[in-house]
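An overview of the molecular structure
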Amino acid sequence: MAWNLTAGAGIAAAILYMVGEALLIRGLRRGVPLRRGPLIAVGLPAVLLDALCTSAQMQPPEGWYLGFYTALSLVTLVMVLFVLVTSLRLPVQNLLLLAFPLAALTSLGSLHGETGFEARVKLSPQLIGHIVLSITAYSILFMAACQSILVAIQERALRRRRPLGVLRLLPPLESMESVLFALLWVGIVTLTLSIGSGFLFLEDLFGQRVVHHTVLSCASWLLYAVLLIGRHRFGWRSSTATSWTLIAFSLLVLGYFGSKFVLEILLDSGAPAS
């Protein structure tokens, strides 16, 4: 019965995400700007249902569980929530074009079942804080990666002087860049706190199972830092920002989700705790 409710919430969330995506596509085809109201009306219930599904999967009878599929679903639902909330102040609702279908896929994917991740009986407050910071950092930097892709597409169309089509509905390129770097600043601050909390509270950061996660996360942080310094000192813009952002985010994803995929799915063994 409990699984049926969990599955129902996940499937309903995926359907609502795709309804939101359909609204976005219909608006773009009609040349109508992306409005916040309808997107929030559809997206917020989807996030709540997705959160209900994910929270149920995170708390099985044996303890706390954050396997590959569950963690991926958690990151995307937090990203959609951040986009919806941030859209009240900044023109970021265009990110939902990428966020909605990703969240729908991960919501359905989380119903696949458990992997080789070993559930914990109890989580310390320090570990909970580290996990929250990590998920938040991944979500915000995921938003930045999506924004960088839109910036790259927009800049390429402008440079080649091609008809902008639906791109004309996006904010001006300078505004898109400003939003990108705002997301990067918030993201790197959160990532710094995440990595710092890991060094303070986790004892096995350089253990055999997680050393690659630690090294790749630090390498990703370094690339983000260089990009922001380059923006401040040398005025780095669209194409450079896109390349650095995507490479840095790829390292971050490879370090966490890549290692979880190998350990939990390919090798079917216990995974790192966070």
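Structure first, text after, so check above.
Residues numbered from 1 in each chain as written. Predicted model: local features only at pLDDT ≥ 70, side-chain atom pairs only at ≥ 80, totals over all residues. Heavy atoms only, no water.

A few words on the nonpolar core. Counting 67 residues, the largest nonpolar core has Tyr17, Val80, Leu95, Leu96, Leu184 and Tyr224 as its most contacted members. Those elements that provide at least two residues to this core are α1 (2-30), α2 (36-58), α3 (68-86), α4 (96-109), α5 (125-159), α6 (173-201), α7 (211-234) and α8 (238-266). Looking at this core, the element that brings in the most residues is α5, giving 13 residues. Apart from the residues lying within four places of it in its own chain, the contact partners of Tyr224 are Leu141, Leu184, Ile188, Leu191, Thr245, Ala248 and Phe249. (Core = buried A, V, L, I, M, F, W, Y, C linked by side-chain atoms within 4.5 Å. Buried < 20%, exposed > 50% of the residue type's maximum accessible area, 1.4 Å probe, protein only. Helix = DSSP H or I, 4+ residues; strand = E, 2+ residues; numbered from the N terminus. Contact = heavy atoms within 4.5 Å.)

Following the criterion strictly, the structure yields three salt bridges and no others. Between Glu155 and Arg159 there is a salt bridge, with the nearest N and O atoms lying 3.2 Å from each other. Residue Glu155 and its partner Arg159 are both found in helix α5; the two are separated by four residues, about one turn of the helix. Judged by its relative accessible area of 10%, Glu155 is buried. Overall, Arg159 belongs to the exposed group, its relative accessible area being 63%. With a shortest N-O distance of 4.0 Å, Arg231 and Glu177 are connected by a salt bridge. With Arg231 in helix α7 and Glu177 in helix α6, this pair connects stretches of sequence that are 54 residues apart. Of the residues examined, Glu177 reaches a relative accessible area of 3% and is grouped as buried. Here the residues in one salt-bridge network are Glu177, Arg231 and Arg237, joined through shared partners. (Salt bridge = Lys/Arg side-chain N within 4 Å of Asp/Glu carboxyl O.)

Okay, a nonpolar patch on the surface next. Among the surface-exposed residues, Ile11, Ile15, Val19 and Leu108 lie close enough to one another that they form a single nonpolar patch of about 330 Å² accessible area. By secondary structure assignment, the location of Val19 is in helix α1. (Patch = residues over 30% accessible without salt bridge, like charges linked within 9 Å, V, L, I, M, F, W, Y side chains within 5 Å. Areas by Shrake-Rupley, 256 points an atom, 1.4 Å probe, with all protein chains shown as cover.)

Relative to the helices and strands, His213 is located in helix α7. In this structure His213 comes out as buried when scored by relative accessible area, which is 11%. Engagement of the side chain of His213 in a polar contact is seen with the backbone oxygen of Gly255, the distance being 3.3 Å. (Polar contact = N/O pair within 3.5 Å; in protein donor to acceptor, adjacent residues only side chain to side chain.)

Interpretation in functional terms is not warranted from these geometric data alone.
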